[in-house]
Amino acid sequence: MKRIWEETVNKELYEKFDFRSILTQEAEQAAEIEQICFPPNEACSRRMMLERAAKAPDFFLVAVDKSTGRIAGFLNGLCTNEDSFRDEFFVDASLHYPEGKKIMLLGLDVLPEYRGQGLARELMYSYLRRANKNGKSIVILTCLEDKVKMYQKMGFHDEGIANSAWGGEQWHEMSCAVGMQQ
């Protein structure tokens, strides 16, 4: 039985956007988008965004608007063999272990003018398909209570309250198996 992200592709979005790894020269743009999409206590710093893009470009998926050449949204993460999310992933890009089988997602950003088109969902589905293709086993993220249902619709399972206290918030840890189904 296929998982929703394996079989669902929004072809209209692929006509409007290029989905690909981030380019070095786009890291500043991603840092600006992060400041727009997240409150100051939760947003990744400019320095960390540049580090993530440099250290883990293959785990940094952007959707570039073909008409403007600008990033409309992105997902970024680090690879590891650790089992659960911890706040250090947000501030230490050296924790990225490319051979790891697990991905810790650090942010899903979509600029306000691109919301409501399914872009966040397509970014996630594309990211999950790519993780599966590259032999990863699971993708883990944290989210606030009001986003749990959104991620469940994308195929994630709510693991309960996370160990993370990033930004002084209470987060849910969610996971999505992307490796071979048993």
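Above this text you will find the structure in question.
Below is a summary of the structure that appears in this document. (Residues numbered from 1 in each chain as written. Predicted model: local features only at pLDDT ≥ 70, side-chain atom pairs only at ≥ 80, totals over all residues. Heavy atoms only, no water.)

### Observations concerning the overall build of the protein chain
Part 1 of the reasoning: In terms of helices and strands, the protein chain carries 7 helices and 7 strands.
Part 2 of the reasoning: Ordered by position in the sequence, the α and β elements of the protein chain form the string α-α-β-α-α-β-β-α-β-α-β-α-β-β.
Part 3 of the reasoning: By the compact-globule yardstick of 16 Å for 182 residues, the protein chain fits well, its C-alpha radius of gyration being 15 Å.
Part 4 of the reasoning: Projected onto the principal axes, the alpha-carbon positions of the protein chain cover approximately 40 × 40 × 35 Å.
Part 5 of the reasoning: Across the 182 residues of the protein chain, 49% fall into the buried class.
Part 6 of the reasoning: Considering only contacts in the protein chain between residues 6 or more positions apart, those separated by 24 or more positions represent 68%.
Part 7 of the reasoning: In the form shown here, the protein chain has an accessible surface area of approximately 9200 Å², with 50% of it arising from carbon and sulfur atoms. (Helix = DSSP H or I, 4+ residues; strand = E, 2+ residues; numbered from the N terminus. Rg over C-alpha atoms; globule rule 2.2 N^0.38 Å. Buried < 20%, exposed > 50% of the residue type's maximum accessible area, 1.4 Å probe, protein only. Contact = heavy atoms within 4.5 Å. Areas by Shrake-Rupley, 256 points an atom, 1.4 Å probe, with all protein chains shown as cover.)

### Re empty space enclosed by the protein
Part 1 of the reasoning: Following the criterion strictly, the structure yields 1 cavity of 30 Å³ or more and no others.
Part 2 of the reasoning: The computed volume of the largest cavity comes to approximately 40 Å³.
Part 3 of the reasoning: Ranked by residue count, the leading element in the lining of the largest cavity is helix α6 (residues 119-133), at 3 residues. (1 Å grid on protein atoms, 1.4 Å probe; cavity = no way out; pocket = protein on both sides within 12 Å on 5 of 7 lines; lining within 4 Å. Points joined across faces, edges and corners; volume = space filled by probe spheres on them.)

### So, the layout of surface pockets
Part 1 of the reasoning: Its boundaries defined by the atoms lining it, the largest pocket holds a volume of some 790 Å³.
Part 2 of the reasoning: Lining the largest pocket are 36 residues, with F38, L108, K147, M150 and Y151 positioned closest to its centre.
Part 3 of the reasoning: For the lining of the largest pocket, the element with the highest residue contribution is strand β4 (residues 102-110), accounting for 6 residues.
Part 4 of the reasoning: Among the residues making up the lining of the largest pocket, the classes are represented as 22 nonpolar, 5 polar and 9 charged. (Nonpolar A, V, L, I, M, F, W, Y, C, P; charged D, E, K, R; others polar.)

### Observations concerning helix α4 (residues 46-55)
Part 1 of the reasoning: Regarding α4, the residues found buried are M48, M49, R52 and A53. Down the axis of α4, the buried set is contained in an arc of 135°. They therefore lie on one face.
Part 2 of the reasoning: Close packing links the buried residues of α4 with α3 (27-37), β2 (60-65), β3 (71-80), α5 (88-91) and β4. (Arc of directions from axis to C-beta.)

### Looking at the sheet that holds strand β5 (residues 138-143)
Part 1 of the reasoning: Taken together, 7 strands build an open sheet; the order of strands is β1-β2-β3-β4-β5-β7-β6 and the sheet is mixed. The sheet is open, and its two edges are formed by β1 (17-21) and β6 (157-161), each paired on a single side. Ignoring strand direction, the axes of neighbouring strands in this sheet form an average angle of 25°.
Part 2 of the reasoning: Where β2 meets β3, 5 bridges bridge the pair, whose relative direction is antiparallel. (Pairing = 2+ DSSP bridges. Axes fitted to C-alpha atoms, helices over the stretch in contact; angles between N-to-C directions.)

### Some remarks on the pattern of salt bridges
Part 1 of the reasoning: A complete count under the given rule lists 8 salt bridges for this structure.
Part 2 of the reasoning: A salt bridge links R46 to E28; its shortest N-O distance comes to 2.4 Å. Residue R46 is located in helix α4, and its partner E28 is located in helix α3; the two are separated by 18 residues in the primary sequence.
Part 3 of the reasoning: Measuring nitrogen to oxygen at the nearest pair gives 2.7 Å for the salt bridge that ties E82 to R86.
Part 4 of the reasoning: We classify R86 as partly exposed; its relative accessible area is 29%.
Part 5 of the reasoning: Through salt bridges that share partners, E82, R86 and E88 make up one connected network. (Salt bridge = Lys/Arg side-chain N within 4 Å of Asp/Glu carboxyl O.)

### Describing the nonpolar core
Part 1 of the reasoning: Grouped together as the largest cluster of nonpolar side chains are 61 residues, with contacts concentrated most on L105, L119, L123, M124, Y151 and F156.
Part 2 of the reasoning: Here this core takes 8 residues from α6, the largest share from any one element. (Core = buried A, V, L, I, M, F, W, Y, C linked by side-chain atoms within 4.5 Å.)

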